[in-house]
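In case you want the letters, here they are:
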Amino acid sequence: METKILDGKKLAQQMQADMKNRVDRLREQGKIPGLTVILVGEDKASQVYVRNKEKQANTVGIKSEVIRLPESIGEQELLDQIELLNRDETVHGILVQLPLPKHIDEQKVLRTIHYSKDVDGFHPMNMGNFLLGNVSTLPCTPYGIMKLLEAYNISIEGKNALIIGRSNIVGKPMALMLMQKNATITIAHSRTENLKELAQQADILVAAIGRGHMITGEFIKPGAVVVDVGMNRSAEGKLIGDVDTDSVKGIASFVTPVPGGVGPMTITMLLDQTINKVETD
Ligand code: GUN
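Engineer: I would appreciate a short explanation of the site of the ligand in the present structure.
Structural biologist: Around the ligand, the neighbouring residues are Leu95, Val96, Gln97, Leu98, Asp120 and Phe122. Val96 has a polar backbone atom sitting 2.9 Å from a nitrogen atom of the ligand. A distance of 3.2 Å is found between a nitrogen atom of the ligand and a side-chain nitrogen or oxygen belonging to Gln97. For the ligand, whose accessible area on its own is 280 Å², the fraction buried by protein is 84%. Across the shell around the ligand, the residue classes break down as four nonpolar, one polar and one charged.

Engineer: It is not clear to me how the environment of Tyr49 should be interpreted in this structure. Could you clarify?
Structural biologist: Its location among the elements puts Tyr49 in helix H2 (residues 44–59). Residue class for Tyr49 comes out partly exposed when judged on its relative accessible area of 29%. The spatial distance from the C-alpha of Tyr49 to the C-alpha of Gly263 is 9.1 Å, given a sequence separation of 214 residues. Setting aside residues no more than four positions away along its own chain, Tyr49 makes contact with Gln97 and Met231.

Engineer: Sorry, what's going on with the packing of helix H1 (residues 8–28) against helix H10 (residues 262–279) here?
Structural biologist: Two packed helices can be described by the angle between their axes and the distance between those axes. Orientation of H1 relative to H10, taken along the N-to-C sense of each, is 15 degrees, at an axis distance of 9 Å. By the angle between their axes, H1 is roughly parallel relative to H10. Between H1 and H10 the crossing geometry is left-handed. Listed contacts from H10 to Gly8, Lys9, Leu11, Ala12, Met15, Gln16, Met19, Arg22, Val23 and Leu26 of H1 are Pro264, Met265, Thr268, Met269, Leu271, Asp272, Ile275, Asn276, Val278 and Glu279. Its residues assigned to classes, the contact of H1 with H10 comprises twelve nonpolar, four polar and four charged.

Engineer: Can you help me understand the pattern of salt bridges in this one?
Structural biologist: Pairs can form between side chains of opposite charge whenever their charged atoms are close. What the rule picks out here adds up to five salt bridges. A single salt-bridge network, built from bridges that share partners, covers Arg22, Asp272 and Glu279.

Engineer: Looking at this structure, how should I read the environment of Ala183?
Structural biologist: With respect to the helices and strands, Ala183 occurs in the loop between helix H7 (171–180) and strand E6 (184–188). Sequence-wise, Ala183 and Ser155 are 28 residues apart; in three dimensions their C-alpha atoms are separated by 9.2 Å. Excluding its chain neighbours within four sequence positions, the residues that come into contact with Ala183 are Ile156, Gly158, Lys159, Ala161 and Leu178.

Engineer: Explanation requested: the sheet that holds strand E11 (residues 254–255) in the structure shown.
Structural biologist: Backbone hydrogen bonds are what pair the strands of a sheet, in a parallel or an antiparallel way. In spatial order, the strands read E1-E11-E8-E7-E5-E6; together these six strands make up an open sheet with parallel pairing. Two strands in the sheet have a free side with no partner beyond their single neighbour: strand E1 (4–5) and E6. Relative to strand E8 (residues 225–228), strand E7 (residues 204–207) runs parallel, the two being bridged by four bridges. Residue Ile204 lies in a different strand from E8, and its bridge partner there is Val225. Across the sheet, H7 touches strand E5 (160–164), E6 and E7, and the angle it forms with E5 is around 170 degrees.

Reading the values: the criteria
In this convention, every chain numbers its residues from 1, walking through the sequence in written order. It should be noted that, the model being predicted, local features are given only for residues of pLDDT at least 70 and side-chain atom pairs only at 80 or more, the latter also being counted only at that level, while totals for whole chains, interfaces and linings use all residues. Excluded from the side-chain calculations are hydrogens and water; all other atoms, namely the structure's heavy atoms, are used. Nearness is defined per residue: one heavy atom within 4 Å of the molecule or strand is enough. Between N or O atoms, a polar contact is any pair within 3.5 Å; within protein, one atom must be a potential hydrogen donor and the other a potential acceptor, and residues adjacent in sequence are included only when both atoms are from side chains. Note on areas: Shrake-Rupley, 1.4 Å probe, and residue coverage restricted to the protein chains presented here. In this count, Pro and Cys sit with the nonpolar residues alongside Ala, Val, Leu, Ile, Met, Phe, Trp and Tyr, while Asp, Glu, Lys and Arg are called charged and the others, Gly among them, polar. Note on conventions: DSSP H or I runs of at least 4 residues are helices, E runs of at least 2 residues are strands, and numbering of each starts at the N terminus. The rule is simple: take the accessible area with a 1.4 Å probe, protein chains only, and divide by the maximum for that residue type; under 20% is buried, over 50% is exposed, in between is partly exposed. Throughout, a residue-residue contact means that at least one pair of heavy atoms, one from each residue, lies within 4.5 Å. All axes are obtained by fitting lines to C-alpha atoms, using only the stretch in contact for helices, and the reported angles, taken between N-to-C directions, cover 0 to 180 degrees. Oblique is the label for any angle not covered by the other classes, which are roughly parallel (under 35 degrees), roughly antiparallel (over 145) and roughly perpendicular (65 to 115). Crossing chirality is assigned from the near helix's rotation relative to the far helix, an anticlockwise turn below a right angle marking it left-handed and a clockwise turn marking it right-handed. Each salt bridge in this description consists of a side-chain nitrogen of Lys or Arg and a carboxyl oxygen of Asp or Glu lying within 4 Å of one another. We treat two strands as partners when DSSP finds at least two bridges between them.

What follows is the structure, given as structure tokens:
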């Protein structure tokens, strides 16, 4: 079977071209979408993500600012910074890059961002509305994956979907989105005993494990759609996914590459939701 590439980079470019027009229309009305990203500490991967977010936000015309805070910052100081942004009318979206240093309570930080400015969909109000099936701001990575599947006309209804990973950012919301589109969902994780057997039954497999090239061809049901959320570094320092793409080629019907698959879609949905906050203001 020929395996097709789910080209997230290309779809992201198409969607961002449309976003430029949306921002232009807002600017004509004197409304400039503002996104502020808070980065705490020196985590290398986070620095790369944040730089990409800033660059692409500016490309579509969003006014973006990055606040860099030291690893040693106290929790209260961070909460105070967020409160300032909550009150700033030029800021429509606030994003605190995760992970945070261990001495800071992540959930406390996420619920301090006003839910109307939460562009990540991580505030309990937005998570709750999403769980209930109400209109809400959504976690950007699984939302971007749904857009990618939709763009390639991949049918979800009635399919067996296996999500490997149970994080609040990816695994849990991914499972919920696929369920809301009528997939039958299974969530696997580090304690799952029969991962390979489960994977071999999956029509849609989402790998959000964090272990480079763990998913090889023998895990894949012929014709399956394989989505790779992994962002790992190989021994040589190369960016690699959780899926060994070469080994699933010829077995899967579709696979997302790393880089150029899920990553660009995550950022695109962040920009979309930031613009959306202004459009619906
Ligand atoms: N860290 C890894 N992915 C994300 C994300 O989508 N949002 C935030 N805020 N932090 C992250």
